[in-house]
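Each chain is listed here by its residues.
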Amino acid sequence: MVNMNTFDTSHIRNFSIVAHIDHGKSTISDRILELTRTVEERDMESQLLDTMDIERERGITIKSNAVRVMYDADDGETYQFNLIDTPGHVDFTYEVSRSLAACEGAVLVVDATQGVEAQTVSNASLAMNADLDIVPAINKIDLPSAHPEEVKVEIEDELAIPADDAVCVSGKTGEGIHDLLEAIVFLVSPPKGDADKPLKALILDSYFDEYRGVVATVRIFDGQVKKGDHLRMMQGGEEFLVDGVGVRRPAEFALDALGVGEVGFVVTGLKDPEAVHVGDTLTLVNNPCDAPCEGYREAKPMVYTGLFPIDNKDYENLRDALEKLHVNDPSLIWEPETSAALGFGFRVGFLGLLHMEVVKERLEREFDLALIATSPSVDYHVYKTDGEMLEVRSPQDLPDVTRIDHIEEPYLKAKIITPPEYTGAVMQLAIEHRGVTTDMIHLSQKSVEMHFDIPLAELILDFFDQLKSRTKGYASLDYEFSDYRMSELVKLDILLSGDEVDALSFIVHKDKAYSLARGLCDKLKEIIPRQLFEVPIQGAIGNKIIARSTVKARRKDVLAKCYGGDISRKRKLLEKQKEGKKRMKAIGSVEVPQEAFLAILKVED
Ligand SMILES: Nc1nc2c(ncn2[C@@H]2O[C@H](COP(=O)(O)OP(=O)(O)OP(=O)(O)O)[C@@H](O)[C@H]2O)c(=O)[nH]1
């Protein structure tokens, strides 16, 4: 049995693995767990740190994970590595900055076939700003198209990181992983901190456990924590007795104590998921530390959608589920929303569309809720004629046009890195999405960095998919909030059988209203199944109808296929139809499937 209880800080290395999406962080983490025999080979499932089902299915990392690994180094000493896996998608940058606050070092993974991409640049600068020691690792060297020497030059030229120390690895074959572990021992500083000072621990993450209450992942900056300690959350103020401490390897492993410099979990026993906030500091009630740990940048939601339970009885369950998810996802915010068409629900704020999809999927799977999500919206600043400014996150909240003086919308500074041959295509795409090129830098012969000012509302729809398809997957995107600017925006309403359906409205730029209305009417015609009567679909701005389509009537008789006789088959068909119905919402007399409310994402403009 490995002894993990006594570690002086000189033998601890806390590091994150950061990279652009798909460059291989999770695969490298797996190899590290394997090489250090943290997980026996027979138990090895690929992407062990991606614990959520959704993460494994999609092959992406969404939540950060902290795992303790013991490494017997070439110098004959054993080191305690605390490895924090982080997500790569731009929606989850806040998770990266959270993880970095707990580390002294970062392994910056760069794909040897792709080179430096947009998020490589932003992750590298996050790590540099956090003053971390950076270990560059060039991954996928087993691939014939790998060009590690060129990638080294890119790392030096584009990131200003010395690449002499770069380690060439293959997460697939395991080649170079041992060298990477040695580099971590030598290049990453051990944690500083005072074991004799009162406890000061940063909460990195937390989750709710039915039996043990909230379990918090912490990094100890000073002092230590053990079972029975009486602790307080410095900002939140909640107090509790520690019910146990330990580490993940990646299964939980109980310990007597967590010492200075270490990363592990603390069982709080608190039954209210809202009591524990990521970013807060834990200290002793009777001997508190002077000041809390420096918190980190709060994540601000960018995109808002309505989430409505298909069955109205699930409203309270949806609220409970959101509260539970909020414990380890503090970026999630919501407020009640009422829709004439969909009943009671919530307007929920997300970091981006991927975040929205992931949260919706988690709510449906982990909490067994059937939900309808409405079209994503951004936070508009609406200036009324009486001088008041309203923050409008839902088209329904837009005041009557006669009372609006002007509307401002959020703009982003977007950065796209692309091979030079696609700059024309990228520029075209940006223009179509109301973007303006502000700068273009030739990084190397192979890549150009383009800067744009672009409305957030344009980016949240299909921009990213379009960028990928028009550049054959080569371009990468990164963005940050810039400012609010005035735009000519209008509310586009959709009418089914002559009745306006509030949940289908959205706010759109005046110049795009006609084409979007047409596209949306056509898309809805495909999505809404034929009913017993004809359903006209209309797009309107105010009282003016600007587009229309019609779902033709059809008599639907599923049982006609059963040729009498077989009762079990008949029952199965009825069950199946019922199942289909569960995913439908009756709007007036029209049965509307849930994807209709997100049809806007599927309209090509
Ligand atoms: N050939 C080869 N493929 C690799 C290597 N490392 C990773 N891959 C593949 O690259 C893809 C992405 O790897 P992941 O480890 O999921 O990438 P990631 O950076 O963790 O991605 P996110 O968690 O979504 O940010 C997977 O299909 C891996 O199998 C490697 O060294 N060689």
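Residues numbered from 1 in each chain as written. Predicted model: local features only at pLDDT ≥ 70, side-chain atom pairs only at ≥ 80, totals over all residues.

Colleague: Explain the overall build of the chain to me, using residue names and the numbers behind them.
Modeller: Helices and strands together make up the secondary structure of the chain, namely 12 helices and 33 strands. Counting only residues that meet the buried cut, the chain has 45% of its 605 residues in that class. (Helix = DSSP H or I, 4+ residues; strand = E, 2+ residues; numbered from the N terminus. Buried ≥ 20, exposed ≤ 12 C-beta atoms within 10 Å, placed from the backbone.)

Colleague: An account of unusual backbone geometry is needed here, citing residue identities and associated values.
Modeller: If you check the backbone angles, K140 has positive phi at about 65° while not being a glycine. Of note, K140 is situated in the loop between β5 (133-139) and α5 (148-159). For K140, a count of 23 C-beta atoms within 10 Å corresponds to the buried category. Phi is positive for A160, which is not a glycine, with a value near 55°. Along the chain, A160 turns up in the loop between α5 and β6 (167-168).

Colleague: An account of the pairing of β5 is needed here, citing residue identities and associated values.
Modeller: With respect to burial, β5 is a largely interior element, six of its seven residues being buried. One ladder, built from seven bridges, connects strand β4 (residues 105-111) with β5; its direction is parallel. Its bridge partner being in β5, V110 is matched across the sheet by I138. In this view, the connection linking β4 to its parallel neighbour β5 by way of helix α4 (residues 118-129) has right-handed handedness. The sheet contact formed by β5 and β6 spans two bridges and is parallel. Paired with I138 across the bridge in β6 is C168. (Pairing = 2+ DSSP bridges. Right-handed = clockwise from strand over helix to strand, strands pointing away.)

Colleague: Quick rundown of the nonpolar core? Include the residues and the values.
Modeller: For soluble globular proteins, the rule of thumb is that nonpolar side chains tend to be buried together. Membership of the largest hydrophobic core comes to 77 residues, with the highest contact counts inside it found for A106, L108 and A137. Here the element with the most residues in this core is strand β8 (residues 213-222); it accounts for six residues. If you count residues domain by domain, this core takes at least three from each of domain 1 (9-187) and domain 2 (200-284). The residues contacting A106, other than those within four sequence positions of it, are F15, S16, V18, L100, A127, L132 and I134. Counting residues in each nonpolar core, the second largest holds 75 residues, with L504, A517, I587 and F597 among its members. (Core = buried A, V, L, I, M, F, W, Y, C linked by C-beta atoms within 7 Å. Domains from an automatic or database assignment. Contact = placed C-beta atoms within 7 Å.)

Colleague: So what about the UniProt feature "binding site: GTP" (unreviewed entry) in the chain? Which residues, and what values?
Modeller: Mapped onto this structure's residue numbering, the UniProt feature "binding site: GTP" (unreviewed entry) falls at D22, H23, G24, K25, S26, T27, N139, K140, I141 and D142. Looking at where D22 falls in the secondary structure, it is placed in the loop between β1 (12-19) and α1 (25-35). Looking at D22, the number of C-beta atoms within 10 Å reads 15, which means it is partly exposed. By the secondary structure assignment, D142 is in the loop between β5 and α5. (UniProt positions renumbered as here; feature names shortened; annotations may be inferred.)

Colleague: Describe the sheet that holds strand β20 (residues 371-373), listing the residues and the values that go with them.
Modeller: Read across the sheet, four strands follow the order β18-β19-β17-β20 without closing on themselves; strand pairing throughout is antiparallel. For this open sheet the edge positions go to β18 (333-339) and β20, each flanked by a neighbour on one side alone. For this sheet, the mean inter-axis angle between neighbouring strands, taken without regard to orientation, is 30°. As defined by bridge partners, strand β17 (residues 303-309) adjoins strand β19 (residues 343-350) across five bridges and the pair is classed as antiparallel. In the sheet register, T305 faces β19, and the bridge partner there is V348. Against the sheet, helix α8 (residues 353-366) touches β17, β19 and β20, its axis set at about 170° to β20. (Axes fitted to C-alpha atoms, helices over the stretch in contact; angles between N-to-C directions.)

Colleague: Can you lay out the pairing of strand β10 (residues 230-233) for me, pointing to particular residues and giving the numbers?
Modeller: Burial along β10 is one-sided: the residues L231 and M233 are buried and none of H230 and R232 is. The pairing of β10 with strand β11 (residues 239-241) spans three bridges and is classified as antiparallel. Residue pairing across strands places R232 opposite E239, the latter belonging to β11. Between β10 and β11, which pair antiparallel and follow one another directly, the connecting turn spans five residues, one of which, G237, has a positive phi of 90°. Judged from the three bridges that link them, β10 and strand β16 (residues 281-284) form a sheet pairing that is antiparallel. Among the inter-strand pairings, L231 is bridged to a residue of β16, identified as L284.

Colleague: I'd like a description of the packing of α1 against helix α6 (residues 177-187), backed by residues and values.
Modeller: A packed helix pair is summarised by two numbers, namely the angle formed by the two axes and the spacing between the axes. Interaxial distance between α1 and α6 falls to 10 Å at its minimum, and their mutual angle equals 85°. Classed by the angle they form, the pair α1 and α6 counts as roughly perpendicular. For the pair α1 and α6, contact is made by R31, I32 and L35 and by I177, H178 and L181, respectively. Its residues assigned to classes, the contact of α1 with α6 comprises four nonpolar, one polar and one charged. (Parallel < 35°, antiparallel > 145°, perpendicular 65-115°, else oblique. Nonpolar A, V, L, I, M, F, W, Y, C, P; charged D, E, K, R; others polar.)

Colleague: Residues and numbers for α8, please.
Modeller: Given a rise of 1.5 Å per residue, 14 residues ought to cover 20 Å, and the 19 Å separating the end C-alpha atoms of α8 matches this to within 8%. Of the residues making up α8, those classed as buried are L353, H355, M356, V358, V359 and L363. Among the residues trailing α8, D368 stands out with phi positive, at a value near 55°. (Expected span 1.5 Å × (residues − 1).)

Colleague: Outline the sheet that holds β10, supporting the account with residue identities and numerical values.
Modeller: Strands in a sheet are paired, the pairing made by backbone hydrogen bonds, and the direction either parallel or antiparallel. As summarised here, the arrangement of the eight strands in space is β11-β10-β16-β7-β8-β15-β12-β13, forming an open sheet in which the pairing is antiparallel. With partners counted over all chains shown, the strands left at the sheet margins are β11 and β13 (252-255), one partner each. Averaged over all neighbouring strand pairs, the angle between strand axes comes to 40°, with direction disregarded.

Colleague: Explain the environment of S122 to me, using residue names and the numbers behind them.
Modeller: Topologically, S122 is positioned in helix α4. You can call S122 partly exposed: it has 19 C-beta atoms within 10 Å. For S122 and Y479, which are 357 residues apart along the polypeptide, the C-alpha to C-alpha distance reads 9.3 Å.

Colleague: Which residues make up helix α9 (residues 423-432), and what values go with them?
Modeller: Among all positions of α9, only V426, L429 and A430 are buried. Buried positions in α9, seen along its axis, are confined to an arc of 100° and lie on one side of it. In α9, the exposed residues that point more than 90 degrees away from the buried face are G424, Q428 and I431. If you follow the buried residues of α9, they end up packed against β23 (404-418), β24 (436-442), β25 (448-455) and α10 (456-470). Trailing α9 by a residue or two, R434 shows a phi angle of about 65°, which is positive. (Arc of directions from axis to C-beta.)

Colleague: Please give an account of the environment of G349 that cites residues and values.
Modeller: Looking at where G349 falls in the secondary structure, it is placed in strand β19. Through-space distance from the C-alpha of G349 to that of P301 is 5.2 Å; in sequence the pair is 48 residues apart. Setting aside anything within four residues of it in sequence, one finds G349 in contact with P301, Y304, I333 and W334.

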